[in-house]
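# Fold and contact review
This is what each chain is made of:
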Amino acid sequence: MLLRLSRKSIKTDFQKRDKAVAKKDRKLFLSTQLKNLEIKGSYSTGYLKLSKLKSKVLHLDKDDKNSNSWIVFVKERYYQNRKFSHKGYLLYKIISDNGEFVIYDIVW
């Protein structure tokens with residue numbers, strides 16, 4: 001049950017990022033990240049220049065060495081001026097912080 005709730009909560013975080021991009025809401029976007037801070041090499045300004053972001057969680061797995069950490073493989077589709085621009089596949093590192101899942105690192 002806890003595993004299922006964790007997976008759902010993590011997927012919800014990516015939906016929140018998509019919504020933040022559509023609304024140009026930096027605060028909402030950063031709320032999905034550890035301590036509401038920017039992640040080195042992946043700044044909110046680039047994401048918020050998009051007109052739309054569509055994220056799809058392809059796979060997620062609990063880290064074997066740190067039971068508080070997850071690795072999440074995500075396909076992101078980027079839109080500029082409401083037209084599809086390009087896509088990317090990223091590995092997100094997520095941790096449970098005060099009962100909430102937040103991103104603490106991204107591997108491009």
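A quick note: this is a predicted structure, and the numbers were derived from the prediction, not measured.

About the cut-offs
Residues numbered from 1 in each chain as written. Predicted model: local features only at pLDDT ≥ 70, side-chain atom pairs only at ≥ 80, totals over all residues. Heavy atoms only, no water. Helix = DSSP H or I, 4+ residues; strand = E, 2+ residues; numbered from the N terminus. Buried < 20%, exposed > 50% of the residue type's maximum accessible area, 1.4 Å probe, protein only. pLDDT = per-residue confidence, 0-100. Salt bridge = Lys/Arg side-chain N within 4 Å of Asp/Glu carboxyl O. Pairing = 2+ DSSP bridges. Axes fitted to C-alpha atoms, helices over the stretch in contact; angles between N-to-C directions. Phe/Tyr/Trp six-rings, centres within 6.5 Å; stacked < 30°, edge-to-face > 60°.

### Digging into unusual backbone geometry
Although it is not a glycine, lysine 35 adopts a positive phi angle of roughly 55°. Within the secondary structure, lysine 35 is located in the loop between helix 2 (26-30) and helix 3 (44-48). Judged by relative accessible area, lysine 35 falls into the exposed class, the value being 59%. At asparagine 98, a residue that is not glycine, the phi angle is positive and equals roughly 55°. Turning to its location among the elements, asparagine 98 is positioned in the loop between strand 3 (83-97) and strand 4 (100-107).

### Digging into the confidence of the model for the protein
Per-residue confidence for the protein gives a mean pLDDT of 94; residues scoring 70 or more make up 97%. Model confidence for the protein, summarised as mean pLDDT per element, is weakest for helix 1 (residues 2-23) at 90 and strongest for helix 2 at 98.

### As for the pattern of salt bridges
Taken as a whole, this structure holds two salt bridges when the rule is applied. The residue glutamate 38 makes a salt bridge to arginine 26 at a minimum N-O spacing of 3.0 Å. Taken together, the positions of glutamate 38 in the loop between helix 2 and helix 3 and arginine 26 in helix 2 put the pair twelve residues apart, joining distant regions of the chain. The partly exposed category is assigned to glutamate 38, whose relative accessible area is 27%. On the basis of relative accessibility, which here comes to 44%, the residue arginine 26 falls in the partly exposed class. Between aspartate 105 and lysine 93 there is a salt bridge, and its shortest N-O distance comes to 3.7 Å. Here aspartate 105, found in strand 4, pairs with lysine 93, found in strand 3; they are twelve residues apart in sequence, far enough to count as distant.

### Considering the pairing of strand 4
Two strands pair when backbone bridges link them, and strand 3 and strand 4 are joined in this way by seven bridges, in the antiparallel orientation. Across the sheet, the residue bridging to isoleucine 94 is isoleucine 103, located in strand 4. Between the antiparallel neighbours strand 3 and strand 4 lie two residues, among them asparagine 98 with a positive phi of about 55°.

### Some words on the sheet that holds strand 3
Spatially, the four strands line up as an open sheet ordered 1-2-3-4, and their pairing is antiparallel. Here the strands that pair on one side only, and so sit at the sheet edges, are strand 1 (52-62) and strand 4. Averaged over neighbouring strand pairs, the angle between their axes works out to 35° when direction is ignored.

### Focus: the packing of aromatic side chains
All told, the structure shown has six aromatic pairs when counted by the stated rule. Geometrically, the ring pair formed by phenylalanine 29 and tyrosine 47 is tilted, given 5.1 Å between the ring centres and 40° between the ring planes. On the criterion of sequence distance, the pair formed by phenylalanine 29 in helix 2 and tyrosine 47 in helix 3 is long-range, its members being 18 residues apart. We note that phenylalanine 29, like tyrosine 47, is buried. Ring geometry for tyrosine 47 against tyrosine 78: centres 6.4 Å apart, planes inclined by 55°, an arrangement best described as tilted. In this pair, tyrosine 47 sits in helix 3 while tyrosine 78 sits in strand 2 (residues 69-80), placing the two residues 31 residues apart along the sequence. Judged by its relative accessible area of 4%, tyrosine 47 falls in the buried class.

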